[in-house]
Amino acid sequence: MIKLTECAPAMQKLATAWSCSSFGLRVGRHGNWRRGLKSCRMLSSSTATASADATEDQVLRKRKFAPHQAADLSENLAGQLPGQARVVICGGGITGASVAYHLGLQGWGKDTLLIEQDRVGGELPWSACGLAGRFEPSYTELKLAEYSIDLIKQLTERGLPTGWRQVGSLNLARNFDRMTAFNRMKSQAVAWGMNCEILSPEQCKEHCPLISLDGIEGGLWIPEDGVCDPHLVCHAFMEEARRLGVRVVEHCAIKKIHSSRGKVDRVETTAGDVNCEYFVNCTGFWAREVGTLSKPVVKVPLKAVEHHYLHTKAIENLDPNTPFVRDFDSRIFFRECEGHILAGGFEREAKMVYEDGVIPLSQAARQHPPDWDHFHELLDALLRSVPPFRKAHLDRLTNSLQVFSPDCKWILGEAPEIQNYYVAAGNKTMGVSASGGIGRVLTDLITNGSTYLDLHILDISRFLGLHNNRKFLRDRCKEAPGKHFEINYPFEEFQTGRNLRMSPLYPALKAGGAVFGQSMGYERPNYYDQNDKKDEFGLPRFRIAQTRTFGKPPWFDHVASEYRACRERIGIADYSSFTKYDFWSKGNEVVDLLQYLCSNDVDVAVGSIIHTGMQNPNGGYENDCSLARLSERHYMMIAPTIQQTRSMCWIRKHMPAHLRAKVNVADVTSMYTAICILGPYSRILLSELTDTDLTPKNFPFFTYKELDVGLADGIRVLNITHTGELGYVLYIPNDYALHVYTRLHQAGQKFNIQHAGYYATRALRIEKFYAFWGQDLDTFTTPLECGRAWRVKLNKPIDFIGRSALLKQREEGVKRMYVQLLLNDHDHEVDMWCWGGEPIYRDGVYVGMTTTTGYGYTFEKQVCLGFVRNFDAEGRELPVTNDYVLSGHYEVEVAGVRFEAKVNLHSPNLPTKFPDREREAYHATRDKRDQEDLLSFSSNLITTNNNTGMTRQ
Amino acid sequence: MWKFLINDAVAYVRGNVRDFSLNALRLLPQLPQLSPYDVNLVLRENEFVYNFPLEGVIRSYETNQLGSNSPCEDSRTEASLLYRPNGFVCGIFDGHGGAACGQVVSKRLLRYISAATLPRQVLREQMEQPGGCTSQSFLKCHNDNVDFVNEIKPIYEHSFQKYIKELIEMPERDVASELKDAFLKLDESLSNEALTSNDPRTMNVALSGAVACLVHLEGLQLHVASTGDCGAVLGTLDPKTNQWIPKKLNQEHNVDNMQEVKRILSEHPKGERDTVIRNGRLLSQLAPLRAFGDFRYKWSLDIMKKQVLPLVGDHGMPPHYYTPPYLTAQPEVQHHELSVGDKFLVIASDGLWDFLSPSDVVSLVGEHINSKKILEPMRIPEGDITLNQISEQLAERKAGLTRKPVDQNAATHLIRHALGATDYGIEHSKISYYLTLPKDVVRLYRDDITITVIYFNSEHIAELRNEYHPPTLSEPDSPLAA
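Residues numbered from 1 in each chain as written. Chains lettered and ligands numbered in written order. Predicted model: local features only at pLDDT ≥ 70, side-chain atom pairs only at ≥ 80, totals over all residues. Heavy atoms only, no water.

Going by what an unreviewed UniProt entry lists, chain B is known as PPM-type phosphatase domain-containing protein and is assigned to Drosophila willistoni.

An unreviewed UniProt entry lists chain A under the name Pyruvate dehydrogenase phosphatase regulatory subunit, mitochondrial, from Drosophila willistoni. As stated in UniProt under Sequence similarities (unreviewed entry), the record for chain A gives "Belongs to the GcvT family." (UniProt positions renumbered as here; feature names shortened; annotations may be inferred.)

Chemist: Hey, could you go over the state of the cysteines for me, with residue numbers and the actual values?
Modeler: Inspection of every chain in the model, using the stated rule, returns 0 disulfides over all chains. We note that A:Cys649 lacks a disulfide partner, and the nearest cysteine sulfur, in A:Cys625, lies 15 Å from it. (Disulfide = S-S within 2.5 Å.)

Chemist: Tell me about the packing of aromatic side chains, residues and numbers included.
Modeler: Taken as a whole and assessed by the stated rule, the structure comprises 58 aromatic pairs over all chains. For the pair A:Phe556 and A:Tyr855, a centre-to-centre distance of 5.1 Å together with 65° between the ring planes defines the contact as edge-to-face. Placement of A:Phe556 in helix H15 (residues 556-568) and of A:Tyr855 in strand S36 (residues 845-856) is noted, with a sequence separation of 299 residues between them. Cluster of aromatic residues (ring-pair linked, three or more members): A:Phe491, A:Tyr527, A:Trp555, A:Phe556, A:Tyr563, A:Tyr758, A:Tyr759, A:Trp833, A:Trp835, A:Tyr855 and A:Tyr857. Above the plane of the ring of A:Tyr758 lies A:Arg524, whose end atom (NZ or CZ) is 3.9 Å from the centre. If you follow B:Lys248 out to its NZ or CZ, it ends over the ring of B:Trp353, 5.8 Å from the centre. (Phe/Tyr/Trp six-rings, centres within 6.5 Å; stacked < 30°, edge-to-face > 60°. Helix = DSSP H or I, 4+ residues; strand = E, 2+ residues; numbered from the N terminus. Lys NZ or Arg CZ within 6 Å of the ring centre and 35° of its normal.)

Chemist: Would you mind going over the sheet that holds strand S10 (residues 254-260) of chain A in detail, with residue names and values included?
Modeler: All names here are of chain A. With antiparallel pairing, 3 strands are arranged side by side in an open sheet as S10-S11-S12. Here the strands that pair on one side only, and so sit at the sheet edges, are S10 and strand S12 (272-275). Recorded for the sheet is a direction-independent mean angle of 20° between the axes of neighbouring strands. By the bridge criterion, 6 bridges tie S10 to strand S11 (residues 263-269) in an arrangement that is antiparallel. Bridging across to S11, Ser259 finds its partner in Val264. (Pairing = 2+ DSSP bridges. Axes fitted to C-alpha atoms, helices over the stretch in contact; angles between N-to-C directions.)

Chemist: So what's going on with the domain arrangement of chain B? Residues and values would help.
Modeler: Residue and element names in this part refer to chain B. Per the domain assignment, the segments of chain B are domain 1 (30-253 + 330-459) and domain 2 (257-287 + 301-326). Centre-to-centre, using C-alpha coordinates, domain 1 lies 31 Å away from domain 2. Taken together, the 8 residues of domain 1 in the interface contact 9 residues of domain 2. Summing the contributions of domain 1 and of domain 2, the shared interface buries around 670 Å²; its carbon and sulfur component is 65%. Our count for the contact surface shared by domain 1 and domain 2 stands at 0 salt bridges. (Domains from an automatic or database assignment. Contact = heavy atoms within 4.5 Å. Buried area = accessible area lost by both parts, 1.4 Å probe. Salt bridge = Lys/Arg side-chain N within 4 Å of Asp/Glu carboxyl O.)

Chemist: So what's going on with the domain arrangement of chain A? Which residues, and what values?
Modeler: All names here are of chain A. Structurally, chain A comprises domain 1 (84-124 + 231-301 + 407-462), domain 2 (167-222 + 304-404), domain 3 (505-546) and domain 4 (579-762). Its C-alpha centre places domain 1 at a distance of 39 Å from the equivalent point of domain 4. Together domain 1 and domain 4 conceal approximately 650 Å² of surface at their shared face, both sides included; 47% is due to carbon and sulfur atoms. Together, Pro416, Gln419 and Ser461 form the three largest contributors to the area buried by domain 1 at its contact with domain 4, with a combined 58%. Seen at the junction of domain 1 and domain 4, the total is 2 salt bridges. A salt bridge links Lys653 to Glu414, with the nearest nitrogen and oxygen atoms 2.4 Å apart. Linking domain 1 with domain 4 are 1 residue pair in polar contact (both at pLDDT 80 or more). For the side of domain 1 that touches domain 4, a count of residues per class yields 2 nonpolar, 4 polar and 2 charged. (Polar contact = N/O pair within 3.5 Å; in protein donor to acceptor, adjacent residues only side chain to side chain. Nonpolar A, V, L, I, M, F, W, Y, C, P; charged D, E, K, R; others polar.)

Chemist: Outline the UniProt feature "domain: GCVT N-terminal" (unreviewed entry) in chain A, listing residues and values.
Modeler: Mapped onto the present numbering, the UniProt feature "domain: GCVT N-terminal" (unreviewed entry) falls on residues 505-796 of chain A. Within the segment residues 505-796 of chain A, helix and strand shares are 25% and 28% respectively, and the terminal C-alpha atoms sit 42 Å apart.

Chemist: Residues and numbers for the environment of B:Val215, please.
Modeler: Residues and elements named next belong to chain B. Structurally, Val215 can be placed in strand S7 (residues 209-218). Remark: the alpha-carbon pair of Val215 and Phe295, spanning 80 residues in sequence, is separated by 25 Å. With sequence-adjacent residues up to four places away left out, Val215 is seen in contact with Phe88, Val89, Cys90, Leu222, His223, Val224, Leu345 and Ile347.

Chemist: Any chance you could break down the nonpolar core for me, citing the residues and the numbers?
Modeler: Counting 91 residues, the largest nonpolar core has B:Leu109, B:Leu282, B:Phe292, B:Trp299 and B:Phe456 as the members making the most contacts within it. Among the elements that take part in this core, helix H4 (residues 100-116) of chain B stands out by supplying 10 residues, more than any other. When residues are assigned to domains, this core turns out to be shared by domain 1 (30-253 + 330-459) and domain 2 (257-287 + 301-326) of chain B, each giving three or more. Counting residues in each nonpolar core, the second largest holds 83 residues, with A:Phe346, A:Leu412, A:Ala424 and A:Leu442 among its members. (Core = buried A, V, L, I, M, F, W, Y, C linked by side-chain atoms within 4.5 Å. Buried < 20%, exposed > 50% of the residue type's maximum accessible area, 1.4 Å probe, protein only.)

Spelled out as structure tokens, the structure:
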């Protein structure tokens, strides 16, 4: 308030004198008077350097993984620690113990060392629920869990204390979709060899009389599931491991993991150095931090969240054989445990702890006070679901940590950054169910280089650097735990950590109505919806694709219209997320390398495109890619989006030593934007924007050219679409991307060009019987099994990886075959849809599973792609022949209902108003090698490329 | 004179059309919108909390300050009295015409009082100690980060020593008289220093002014000495109705206070009736009717002509300045004996009272005490408890969670309410507008706000009053007894 009025100028005069003489007051250390602030800051800055060092020291000390007990023990330990071990396992939790045990079983016990910063198994039991269950969303996870359970049973039979009791697990459904999910599970269970049963609400009550049937629609009963004490299981593993010769050193922390020539070489611990060949990071909560102890940093994207377990006091007359009950829709579970109830749940939004990532080392320090307000929702759900618990007395609510990965799946496998560095982490709350299987597969990988299951969905190479960003993890891992109990809908998307990786076209596509899905962080339009695409300010809205049903999806009509545009007019799609690598060398080394890695012959005329697999020694697909020969010694590789980290890893690992220094491999994914134009008018459209002659004679199908488009130059154009439609994929340097897109879109208006999303291109390729890596093809599928034998050149003059396995398979015949099934009598409006993973029956006998499925808009039928096998009466696998496949009567079981199906062995020719000779001739999936002769363009290619002096081999 | 016009306009705007102007301001698109994070940073910049380590009548105090002037013209000081167990003194000082007087008084007044309220015997003993004693010997300040510069310090120290010598000679009086005397003696020192020392800074202090509200507490005896228009209000919980009752512990000395106006008119000749107070101001210039400093309204015409006008020019003389002094620093002192129901005391500068009434303030702080319990994690009582009971308790808490305050600090809570309260709760954009107003107009909309909230320890008060009863279940849950 202004209280003085008149003498203002006089005051001003004085005030000037004032400020010069620093105002009659001296500023002390923490001056909070504004006038004091500046000088105070200056003052403290002089001492800042000293204090900053101190704080940095403190942070470093926290991160250095000093053993939390008795530093003086380290000296005593020095004698215990061997200077040499083949495998060093870091982390004495249940996973580490299991890995140690399995290595022991393989006879590596004497060469294995396990170090633990605290004590093996931790001090406090019951910071987990101890469910040994197999209700997992994928075949791989289910098989790993199943193995773990069998192993626990085995240990129990051998007299080791594990707390194992086979009480069965009861899974409750409160809505129709959950029931459908159970029915799908039941259908799959037959195929996966799992025993389970669908229950009516009354039957649920018979299994567990405690529950209230209010709102229960039914249940799924898994009789062979059980409960155990994770603490005891961990000690059992460890005891067995010790018996098999594994050395275990407690109170010894890891300080550094050294590598040389990209391989693990030596680890530094608080008790001394150990030379080793393999390092296994099983450090649970700290796996991400331990990842930072090597150079380069191994990225283990994990985030700890709070997780509560409720223990009641002993309850009288509680049946010790109460099953493990999971009420998914209420987000809660409970079990009987030593005469009382142990309950917990997965809240919708998890609570973060240790956001800086520094987690205390001692278990006591990690015990947080329980947050009752946070647990309230779950407690109420529990009491609603099981009314008798209202009267139960509280013993304790514990708040322990659990770690989650950004996609809520386990993380295992060899680190992409350092060879022989293995990681097994992110076991969520399912450590017991996971550990046995994980121990086995990791041991297989270490001792054999391969294992009995396809692990790509759990492999650590599914991540990019962005997934390891602390802030990304903080956002995403709030959501991830909740997903654990949510219905596993098809194409489920995360809501957090979005708008992270976007092509330059993103704003234009968003304005065009795109609804996005995320793949490797990339926002990829899944479909386009013109309704409600703007927010209240008239700006384009960011929308996330949702399916949220097992029946006809809400996007059906949008995709139908995009599909028709691609088939009849012209569609424009964003392929930017695809993995793009450049390979080049000075001499011919790049050809040598690719000939060694790829099963197809890559030494083709410059300008050709080759589809090829990169096989593993067993002939399975490690990668399925397209190679464009840009120049004699320069190739560009296009691979599925999810291969971005993985294929680099594979290539590095299998690069022959003599080529290592000479071939350059660069990941250029983020440098190019990929636009695909597809449909009958795509050639006319592109020729309007470029001077180059695009007639098939000059620019045939399956070739590459560098073109000028619009006003831009240097655009890599591939005359393929990965969908079976005529069209081009343009790989455009990012800075030209919007220009080229705008030109294409403008010029395309007269053809009524339409945006096409991922779902539309997927529908196209499924109908055309195109296999995709990661969905149809995996590390256990060979080209011979999926109708791609014609892409394998067994006679090329190099012993490429997997050649001998493929030769052998050619002699013996394949045990499974890739087929296309068209469902008859399936009403897409009312019946449940196929979403992959449906069992296939041949003459009433289970023969295999579908992989990818979709609606064929031309066939107007559900189209399933999948593999069929041939089992004899004893369950042995016999070779599968074309006659066998074609002679059967097929059915596909969708959520408990079987539909009759017609089988195809090769890509069909779809009726079209725009016949195209080349395209008709090309069949992605074929049963006969001689069909290759139908590729009439190959002769054209030689003539057009004569001037380069290249001839085909 | 256009300055008068402007000031009248300012008064008019601040008094009557704040709401209207705020609406008009919303139409100005150029004001940046602050994020809630930024708002918190600004509001919490000057927060301070002190919890008394020893069992005493005062449990803790919370204080905060939000400046409008630059530099902020408000000051605050809190200190424990030495040699007096449980003695506490704190004050709020609202300066005007510059921050100088407020800052100087805020430090020195507490020192004067710490000496004045000591028994003479103790004072004498301390004086006889080798090395004697300094102005800071009798108190311990809690949030004190600054000190006077070296040139000024000896001048002030000299005045203090003179004051103590006078004190020792004087007989011991009651606290109220000692407080009054300390106020006047300090004001006298300011005058003498300005007139006798050569340092221009002392003159600057004397020409700027400050109002003060000072709380002195010893045992159950609470004294509030106030000069000017700061305010102190006591929050009492009525144990029967569980309602918060505000009790004002001072009278503001401004034109709204009829007694005060009468006093001033009676002290000057009848002929000056129309000029002494004009436009709601003393000599049509000064809003508070009592203040420290402001010697342009106290010194004789002679001093003004000889020492002031040469420095500041002829217009430094207030209009119609005939029979000085017009202004005094003499405080009004109210005494209150604490009872069990007294839970807290709020003292604040007029920046707060412009927005909130004493009863608003008491109910806001009262609610804040209750809801602060929700900020703490729930503790399950010992012994058997069923899950159902827990669930019910959690549901109750959950109902309270919606009222969970954003601020831990009650002073910040009050500032947030002062700036952001609307009929439908706290409006972030309103606070943001108040905080982003341009420097040259911000004073029209809000003054500096300084608040100190002192929490009393009811159990200790009860013990002292010898009427301690352990709380029974039938008694309503008293917020501070938990």
